[in-house]
Amino acid sequence: MLRGTLCILLLRLALTSEVTRKEKELKVLRESVEAASIVRVRGEYNINGTCSWPDCAPVCEACNTKAMGTCMIPGVNECPWSSKCTMGTCFCSKGYCGVESTCKFRTCTLGAQPPPYVAGNLVQEFASLGGEIPPYNAEKEEWVVFMNGCVKLPMFVLCVGMSIAILTCVCICCQLECECNWFPTAPVVLLSLCGVTVAVIVLGIVTRGIVVNENMNMIEEQLRRVDKTLDGSVDLAHKLTDMCMDFKAVVDDLPNTCNGMVPGAKEVMAMASEKANEKLTEMNEKVDAFARVAHSAKSAMVILLGNFEVVKVLIIAGPMVPLILMGLWTLAIGIATIISWQSSNPHVAERADDAVIGQFGTCGACCNTIIASMLASTYLFVGIAVGGFCTHLDTNVISVVKVVNFTDLTDFPVVIDPVLEGAAKYYILGSQENPMISMIEDVERDAQALYSVYHNATWAVEPAKMVCDGVKNLNASDAMDACRESVNFAGQLIAASNVYPYYRTFAHELMCDKMLHSMKLLILFTIVVSMILMPLVALCADIDLRKWERYKMDNYEDHYDMSYEGHEGHEKSQLLGVSPSSFSGMHMPQMPQMPHIGIPGLGPMQTPSRQMQMRPRGN
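Note that this is a predicted model, so its numbers are computed, not measured.

Trainee: When you look at the nonpolar core in this model, what are you seeing that I'm missing?
Mentor: Within soluble globular proteins, side chains that are nonpolar generally end up buried alongside one another. Formed by 64 residues in total, the largest nonpolar core has its most connected members in Leu393 and Val529. Those elements that provide at least two residues to this core are α3 (121-128), α4 (140-173), α5 (188-252), α8 (321-342), α9 (346-391), α10 (393-403), α12 (417-428) and α16 (496-554). Among the elements that make up this core, the one with the highest residue count is α16 (19 residues). Those residues in contact with valine 529, other than ones at most four positions away along the chain, are Val200, Ile201, Leu323, Met326, Met534 and Pro535. Within the second largest apolar cluster, 13 residues are counted, among which are Val251, Cys258, Val262 and Leu474.

Here it is as structure tokens:
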């Protein structure tokens, strides 16, 4: 009896077709993808009040793995067309369920309908600035036309900004003479303009910082949630790896546990061990790939969360760098103006004009305005494109998934585009079952089929236990439990209740609402500051400082008593480049009084004291 059993096992192994492991894996993967690509959903959306999306999503009927016949001897025992042969036993093919004695097409039912996305006013505003908004489920050519229309307004803004920058530079370099007699001699207008500019810049930075900070907090919350899921993935990967290693060690040791007194027992068990190791190797490779992905994702998430505050600051401050530079330059102009205003030395105004306007202002103002105009036009283009895309967000996302060839991009060995398109329809529209869940369930059914073969083949297992003690250590139930646990975990990971909140947060709330709001603020403040306020500040500073310098030179003697031979008179004579003795005997003409600057406490006909004449005004 024992020898007959071993001979049957040997015959079965000998008749097994010789197909390489790689070809088997590719065949199994292709069958799983093809089965998952078939839309099986039937019926209408569930409108029951107790069924709400995403907890109530499309679900497929349960498929029990049961033997549908035997195929022990090829050519003699054949499986039905809707089933396949697995180690001498017929099981239903992927996409079919065993019902009584036949395999029937697996069907699925719809759940609740996801709430459709409704474009807000901000989306409509941005989209209206571009070309004609693509219709529902638009084709690629229509999107190309829309993107071409999105370029027009940003290019106009860029041309206007560059023209303003060039004109500002030309006026400063050519020292445009503009007396502007309605301006007061004191640089009050310039200081007021500097204050307004700095206030607008600060308001823009603070307002946008608050909005972006809220967005980043939402992103951080979602990333923390993903991090917890990755922790579970890493733990599961460790558990599966340990299970595979332990099971492989038992299988490798099987031939060594056989009784040498039974002829051929060790050889047959070595062949069985080799066959089992092929399956274990396939499983171990998948577990290793899963573990590598889990560890890599966890490492990347740890780095991202550890540096999230730095990333937040860069995202908040990065686009505002031109505005920050403009604000600092405006402050420098204001400080130089105040110093020049409070000093009686006319050369101070000249040096301020040369330092702030002549050296830095000409190049700095032009470059800042050009860079800010380029950024503003870029933000405007992105805002218009995003606004048009968000007009029909849900269907546009599915259209993009449908158009992009992910098979070529990922260099996947089989066509996966139908699976990804089906997954997008599942998560966004809820209009079909999740093909990725179907593929994961196929893995469990394959494992269940192998377990059924092992569990039902008592005619071979029990005699093998009598000959080889190592067979008793094969705890197939533990391996099956680990497989079920991993499949359940993967199913929960890609379920609509877990994935849809990410889509709603990142697509509905962030991309099509908060990001556009932040971009609108950035565009407005950048355009107002770079194209209006900064050119005015630069031109006004150049004209006003030179005008203030000429005024001081013309009324220089009114600031000092030139007949005084003290320290201040000596200091003043050095500023004029003459010696104090040269003033003796010289007739000093009467200079006009300094307009617009009154002396508190003195009437119009009063003469200030000598001490007051010695003190420069404003000090």
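Trainee: Whenever I open this one, a nonpolar patch on the surface confuses me. Can you help?
Mentor: Together, Val321, Ile324, Leu325, Leu328, Leu331, Ile335 and Ile339 make up an exposed nonpolar region whose accessible area comes to about 600 Å². You can see leucine 331 is positioned in helix α8.

Trainee: Teacher, can you tell me more about empty space enclosed by the protein here?
Mentor: Any space left empty among the atoms is revealed by the rolling of a water-sized probe across them. In this structure the tally under the stated criterion is 2 cavities of 30 Å³ or more. Counted as a void, the largest cavity has a volume near 150 Å³. For the largest cavity, the lining is made up of 16 residues, of which Thr65, Phe91, Cys92, Ser93 and Arg445 are closest to its centre. Of all the elements, helix α13 (residues 435-456) adds the most residues to the lining of the largest cavity, at 4 residues. Looking at the lining of the largest cavity, its residues break down into 6 nonpolar, 4 polar and 6 charged. Counted as a void, the second largest cavity has a volume near 40 Å³. Taken together, Ala35, Ala36, Arg40, Gly95, Arg106, Ser438, Asp442 and Arg445 make up the full set of residues lining the second largest cavity. Counting only elements with at least two residues in the lining of the second largest cavity, the list comes to α2 (21-36) and α13. Per-class residue counts for the lining of the second largest cavity are 2 nonpolar, 2 polar and 4 charged.

Trainee: Explanation requested: the pattern of salt bridges in the structure shown.
Mentor: Tallied over the full model, the rule gives 7 salt bridges. Residue aspartate 227 is joined to lysine 298 by a salt bridge in which the shortest nitrogen-to-oxygen separation is 2.7 Å. Separated by 71 residues along the polypeptide, aspartate 227 in helix α5 and lysine 298 in helix α6 (residues 265-306) bring together distant segments of the chain. Taking the relative accessible area as the measure of exposure, aspartate 227 reaches 13% and is therefore buried. Two residues, aspartate 481 and arginine 484, come together in a salt bridge whose shortest N-O distance is 3.1 Å. With aspartate 481 and arginine 484 both in helix α15 (residues 476-493) and 3 residues apart, the pair spans about one turn of that helix. Its relative accessible area of 44% is what places aspartate 481 among the partly exposed residues. Note on arginine 484: relative accessible area 28%, which makes it partly exposed. Salt bridges sharing common partners tie together Asp227, Asp231 and Lys298.

Trainee: How should I be thinking about α15 in this particular structure?
Mentor: Residues lying three or four places apart along an α-helix face the same way, a consequence of the helix completing one turn every 3.6 residues. Taking 1.5 Å as the rise per residue, α15 with 18 residues should run 26 Å; its terminal C-alpha atoms sit 26 Å apart, in good agreement. Every buried residue of α15 is listed here: Ala476, Met480, Ala482, Cys483, Ser486, Val487 and Gly491.

Trainee: Which parts of the structure should I look at to understand the packing of α10 against α12?
Mentor: To characterise two packed helices, one gives the angle between the axes of the helices and the distance between these axes. The contact between α10 and α12 brings their axes to 9 Å, and the two run at 170°. On the basis of the axis angle, α10 is roughly antiparallel to α12. Contacts between α10 and α12 involve Asp394, Val397, Ile398, Val401 and Lys402 from the first element and Leu420, Glu421, Ala424, Lys425 and Ile428 from the second. Partitioning the contact of α10 with α12 into residue classes produces 6 nonpolar, no polar and 4 charged.

Trainee: Is there a simple way to think about the sheet that holds strand β7 (residues 108-109) in this case?
Mentor: Strand pairs in the sheet, formed through backbone hydrogen bonds, run parallel or antiparallel to each other. What the 3 strands build is an open sheet, ordered β1-β7-β2; its pairing is mixed. Of all the strands in the sheet, just β1 (41-42) and β2 (59-60) have a single pairing partner and so form its edges. Bridge analysis of β2 against β7 gives 2 bridges, and the strand direction is antiparallel. Bridged to cysteine 60 within β7 is cysteine 108.

Trainee: Would you mind going over the packing of aromatic side chains with me for this structure?
Mentor: How two aromatic rings sit relative to each other is set out by the distance from centre to centre and by the angle between their planes. Using the criterion set out here, one finds 7 aromatic pairs in the structure. Aromatic side chains tyrosine 96 and phenylalanine 105 sit 6.0 Å apart centroid to centroid with 85° between the ring planes, which places their arrangement in the edge-to-face category. Arranged with centres 5.8 Å apart and planes meeting at 90°, the rings of tryptophan 143 and phenylalanine 146 form a pair that is edge-to-face. Taken together, the residues span about one helical turn, with tryptophan 143 and phenylalanine 146 both in helix α4 at a distance of 3 residues. Phenylalanine 146 shares its class with tryptophan 143; the two are buried. Lying across the ring of tyrosine 502, arginine 225 places its NZ or CZ 4.7 Å from the centre.

Trainee: Sorry, what's going on with the pairing of strand β5 (residues 96-99) here?
Mentor: Looking along a regular strand, one sees side chains alternate from face to face of the sheet. Inspection of the sheet shows β5 paired to strand β6 (residues 102-105) by 4 bridges, in the antiparallel sense. Across the sheet, residue glycine 98 finds its bridge partner in β6, namely cysteine 103. Where β5 folds back onto β6 in an antiparallel hairpin, the turn is made up of 2 residues, including glutamate 100, whose phi is positive at roughly 60°.

Cut-off values and rules
- Residues numbered from 1 in each chain as written.
- Predicted model: local features only at pLDDT ≥ 70, side-chain atom pairs only at ≥ 80, totals over all residues.
- Heavy atoms only, no water.
- Core = buried A, V, L, I, M, F, W, Y, C linked by side-chain atoms within 4.5 Å.
- Buried < 20%, exposed > 50% of the residue type's maximum accessible area, 1.4 Å probe, protein only.
- Helix = DSSP H or I, 4+ residues; strand = E, 2+ residues; numbered from the N terminus.
- Contact = heavy atoms within 4.5 Å.
- Patch = residues over 30% accessible without salt bridge, like charges linked within 9 Å, V, L, I, M, F, W, Y side chains within 5 Å.
- Areas by Shrake-Rupley, 256 points an atom, 1.4 Å probe, with all protein chains shown as cover.
- Salt bridge = Lys/Arg side-chain N within 4 Å of Asp/Glu carboxyl O.
- 1 Å grid on protein atoms, 1.4 Å probe; cavity = no way out; pocket = protein on both sides within 12 Å on 5 of 7 lines; lining within 4 Å.
- Points joined across faces, edges and corners; volume = space filled by probe spheres on them.
- Nonpolar A, V, L, I, M, F, W, Y, C, P; charged D, E, K, R; others polar.
- Expected span 1.5 Å × (residues − 1).
- Axes fitted to C-alpha atoms, helices over the stretch in contact; angles between N-to-C directions.
- Parallel < 35°, antiparallel > 145°, perpendicular 65-115°, else oblique.
- Pairing = 2+ DSSP bridges.
- Phe/Tyr/Trp six-rings, centres within 6.5 Å; stacked < 30°, edge-to-face > 60°.
- Lys NZ or Arg CZ within 6 Å of the ring centre and 35° of its normal.

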